[in-house]
Amino acid sequence: MTVQPELYESSELLKKASELKDKLIAWRRDFHQHPELAYEEVRTSGQVAQHLESLGLEVTRGVGRTGVVGLLRGKEPGPTIGLRADMDALPILDQKQVEYKSTVTGKMHACGHDAHTSMLMGAAQLLCQLGKPERGNIKFIFQPAEEGGAGAKAMMDDGVLSDPPVDAIAGLHVFPFVPVGEITAVRGIGCAAADTITIKVIGRGGHAAHPHTSVDSVVISAQVISALQHIASRHVDPLDSIVVTIGKIEGGSASNVIAPEVTMQGTVRTLNPELRAEMPERLEKIIKGVTDAFGATYEFTYHMGYPSVINDDAMVDLVLETADLVLGQGKSRLVKPSMGGEDFSYYTHEIPGVFFRLGVGNREKNAIYPLHHPQFDLDEDALPLGSAMLSAVALQYLQKS
Ligand SMILES: [Zn+2]
Ligand SMILES: [Zn+2]
């Protein structure tokens, strides 16, 4: 489509987005007060669908169980760009003291998905105000269950990337350690593959004073944990990134009893897909070797979680150029990948995509806590910027394709 250059030159798009600010804040606070966990986003997706219908978009509900899709069809056939937001909250007790805090005990929008949803609703409104694209389509994808439930995959299994086929996709994540008004992006692999492991070390219980008559699963587990750290320090190329974290360990019943078994859970994060593929065998060799050596046995499961996010070079360039136009020169930068996981990855393994971070940090507004923190909050001044960025990325993509 032909985009009027003045839309950017005077940051007209940002001005239009700013006019929506009160609405964006109201939506975000409403979602914030009514958080819904993965695949429970019935109220949230209902509000989204209603809004998209009020804009006159073609709306499909129940995609990937609780997801919603809105389609803005252009005047002529052409490429389709997808814009994605996630809608789910986390099982965290909201400990902020603000009027819009969560009204549901033990559930909270601590990852900013309330803001993502609100910003994409705003982008849909902005793009509708500008009229139908001359050529090509824009698909608004509101997905459930990013937090562990692979909602992106559920939507893809329900055909979100087809009819019309989506040629490229863009999404953003709020980030409190980037100041409001700025964005960051990563070239290539942007987020890690996030796998989970469970290890059970099976020894033989007995009296704590007579360890030679038993097989101490606690001591052997300590060896297993230490040995697993050798993967990062000795097995992997120092220029490759990997994290092996044991986050949970359980075993034993009393101070004077040798524990018969210990169960551990952890996560393995990798950026390189080839390295990831080696991990199940590599971990098992170590677990087997250590438990064998000390007379114990083991059970081991390696669960492949989200793959890594792969950012397409041309899409990254598009976001950086768009940021120059919308936010101003010098407001975007390239950064290192994150070892965090993100199910936007599933889209990027199918079609070219870009996932970038939108700054929402502001010390004066107490927007200083990390994602998933019980006091996480964001500077709502970022909301119109996010809507403007998403809209502009879509327009730029259609213009260039
Ligand atoms: Zn999260
Ligand atoms: Zn998130």
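- As recorded by an unreviewed UniProt entry, the chain carries the name Amidohydrolase and is attributed to Brevibacillus fulvus.

## Considerations on the packing of aromatic side chains
- On inspection of all chains with the given rule, the structure shows 5 aromatic pairs.
- Here Phe-300 and Tyr-302 contribute two aromatic rings whose centre-to-centre distance is 6.4 Å and whose plane-to-plane angle is 75 degrees, an arrangement assigned as edge-to-face.
- Judged by centre distance (5.8 Å) and plane angle (75 degrees), the rings of Tyr-306 and Tyr-346 are edge-to-face. Placement of Tyr-306 in strand 13 (residues 297-306) and of Tyr-346 in helix 10 (residues 345-348) is noted, with a sequence separation of 40 residues between them.

## Some words on helix 7 (residues 217-235)
- Compared with the 27 Å implied by 1.5 Å per residue over 19 residues, the 25 Å span of helix 7 between its first and last C-alpha is a close match.
- Every buried residue belonging to helix 7 is among Ser-217, Ile-220, Ser-221, Val-224, Ala-227, Leu-228 and Ile-231, and all of these are buried.
- Looking at the buried positions of helix 7, the neighbouring elements they touch are strand 8 (193-202), strand 10 (242-251), strand 12 (261-270) and helix 8 (273-293).
- The opening residue of helix 7, the one whose side-chain oxygen lies 2.9 Å from the backbone nitrogen of Val-218, is Asp-216.

## Here's the deal with the sheet that holds strand 8
- Strand order in this open sheet of 4 strands is 10-12-8-13, and the pairing throughout is antiparallel. Edge positions in the sheet fall to strand 10 and strand 13, since each of these pairs with one other strand and no more. Averaged over all pairs of adjacent strands, the angle between their axes in this sheet comes to 15 degrees, without regard to strand direction.
- Bridge count between strand 10 and strand 12: 9 bridges; the pairing is antiparallel. Within strand 12, the position partnered with Lys-248 by the bridge is Gln-265.
- Packed onto the sheet, helix 7 meets strand 8, strand 10 and strand 12 and runs at close to 170 degrees relative to strand 10.
- In the packing of helix 8 onto the sheet, contacts are made with strand 8, strand 10, strand 12 and strand 13, and the angle to strand 13 comes to roughly 165 degrees.

## Observations concerning the pattern of salt bridges
- Under the criterion given, the structure shown has 26 salt bridges.
- Between Glu-12 and Lys-15 there is a salt bridge, with the nearest N and O atoms lying 4.0 Å from each other. On the criterion of helical spacing, the pair formed by Glu-12 and Lys-15 is a turn pair, its members being 3 residues apart in helix 2 (residues 12-19).
- A residue is classified by how much of its surface remains accessible, and Lys-15, at 47% relative accessible area, is partly exposed.

Parameters at a glance
Residues numbered from 1 in each chain as written. Chains lettered and ligands numbered in written order. Predicted model: local features only at pLDDT ≥ 70, side-chain atom pairs only at ≥ 80, totals over all residues. Heavy atoms only, no water. Phe/Tyr/Trp six-rings, centres within 6.5 Å; stacked < 30°, edge-to-face > 60°. Helix = DSSP H or I, 4+ residues; strand = E, 2+ residues; numbered from the N terminus. Expected span 1.5 Å × (residues − 1). Buried < 20%, exposed > 50% of the residue type's maximum accessible area, 1.4 Å probe, protein only. Contact = heavy atoms within 4.5 Å. Polar contact = N/O pair within 3.5 Å; in protein donor to acceptor, adjacent residues only side chain to side chain. Pairing = 2+ DSSP bridges. Axes fitted to C-alpha atoms, helices over the stretch in contact; angles between N-to-C directions. Salt bridge = Lys/Arg side-chain N within 4 Å of Asp/Glu carboxyl O.

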